[in-house]
Amino acid sequence: MDERAQQIERVYRERYVGFRNALATVTGSHESAHDAVQEGFARALRERARFRGDGPLEAWIFRIALRVAVESRRRGRPQSLGELVDPE
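Please read all numbers here as calculations on a predicted model, not as lab measurements.

## Comments concerning the overall build of the protein chain
- Broken down by element type, the protein chain carries three helices and zero strands.
- Of all 88 residues assigned to the protein chain, the portion counted as buried reaches 31%.
- Contacts spanning at least 24 positions in sequence make up 67% of the contacts within the protein chain whose residues lie at least 6 apart.
- Summed over its atoms, the accessible surface of the protein chain is roughly 5,800 Å², and 49% of this surface lies on carbon and sulfur atoms.

## Some points on the packing of aromatic side chains
- Applying the stated criterion to the full structure yields five aromatic pairs.
- Ring centres 5.5 Å apart and planes at 50 degrees place the aromatic pair Tyr12 and Tyr16 in the tilted group. In this pair, Tyr12 and Tyr16 are both assigned in helix H1 (residues 3-27), four residues apart and thus about one turn of the helix distant.
- The exposure class assigned to Tyr12 is partly exposed, which follows from its relative accessible area of 28%.

## A closer look at the confidence of the model for the protein chain
- Looking at the protein chain, pLDDT values average 88 and 85% of them are 70 or higher.
- Between the elements of the protein chain, mean pLDDT differs from a low of 92, seen in helix H3 (residues 57-75), to a high of 97, seen in H1.

## Notes on the pattern of salt bridges
- Enumeration according to the criterion identifies eight salt bridges in this entry.
- Two residues, Arg43 and Glu71, come together in a salt bridge whose shortest N-O distance is 3.4 Å. A residue pair is termed long-range when its members are at least 10 positions apart, and Arg43 in helix H2 (residues 30-46) and Glu71 in helix H3 qualify at 28 residues.
- The partner of Arg50 in a salt bridge is Glu47, with the nearest N and O atoms 3.6 Å apart.
- In this structure, a network of salt bridges that share partners links the residues Glu39, Arg43, Arg46 and Glu71.

## Notes on the nonpolar core
- Leu23, Phe41, Leu57, Trp60 and Ile61 are the most contacted members of the largest nonpolar core, which has 19 residues in total.
- Elements supplying a minimum of two residues to this core: H1, H2 and H3.
- Those residues in contact with Phe41 that lie beyond four places of it in its chain are Ile8, Val11, Tyr12, Phe19 and Ile61.

Definitions and cut-offs
- Residues numbered from 1 in each chain as written.
- Predicted model: local features only at pLDDT ≥ 70, side-chain atom pairs only at ≥ 80, totals over all residues.
- Heavy atoms only, no water.
- Helix = DSSP H or I, 4+ residues; strand = E, 2+ residues; numbered from the N terminus.
- Buried < 20%, exposed > 50% of the residue type's maximum accessible area, 1.4 Å probe, protein only.
- Contact = heavy atoms within 4.5 Å.
- Areas by Shrake-Rupley, 256 points an atom, 1.4 Å probe, with all protein chains shown as cover.
- Phe/Tyr/Trp six-rings, centres within 6.5 Å; stacked < 30°, edge-to-face > 60°.
- pLDDT = per-residue confidence, 0-100.
- Salt bridge = Lys/Arg side-chain N within 4 Å of Asp/Glu carboxyl O.
- Core = buried A, V, L, I, M, F, W, Y, C linked by side-chain atoms within 4.5 Å.

So, in structure tokens, the structure goes:
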């Protein structure tokens, strides 16, 4: 695994819950936000050579995951706010 992939993995371990919770407000549920985070990190790994380093890696990954969440929201149905409550 190259250094950039290791950095992305580290961001995933450290920021997964925060990303998921933030994206749940976009997707409408923690379940769909989980999927968006997973896909966002997968895309970041595939496209890691495109990261120019102009800003934080974490922000670059979050933008990718946010785009995935917005795409997901456009395809899905709105969820009630009650579904956003995370029992953790």
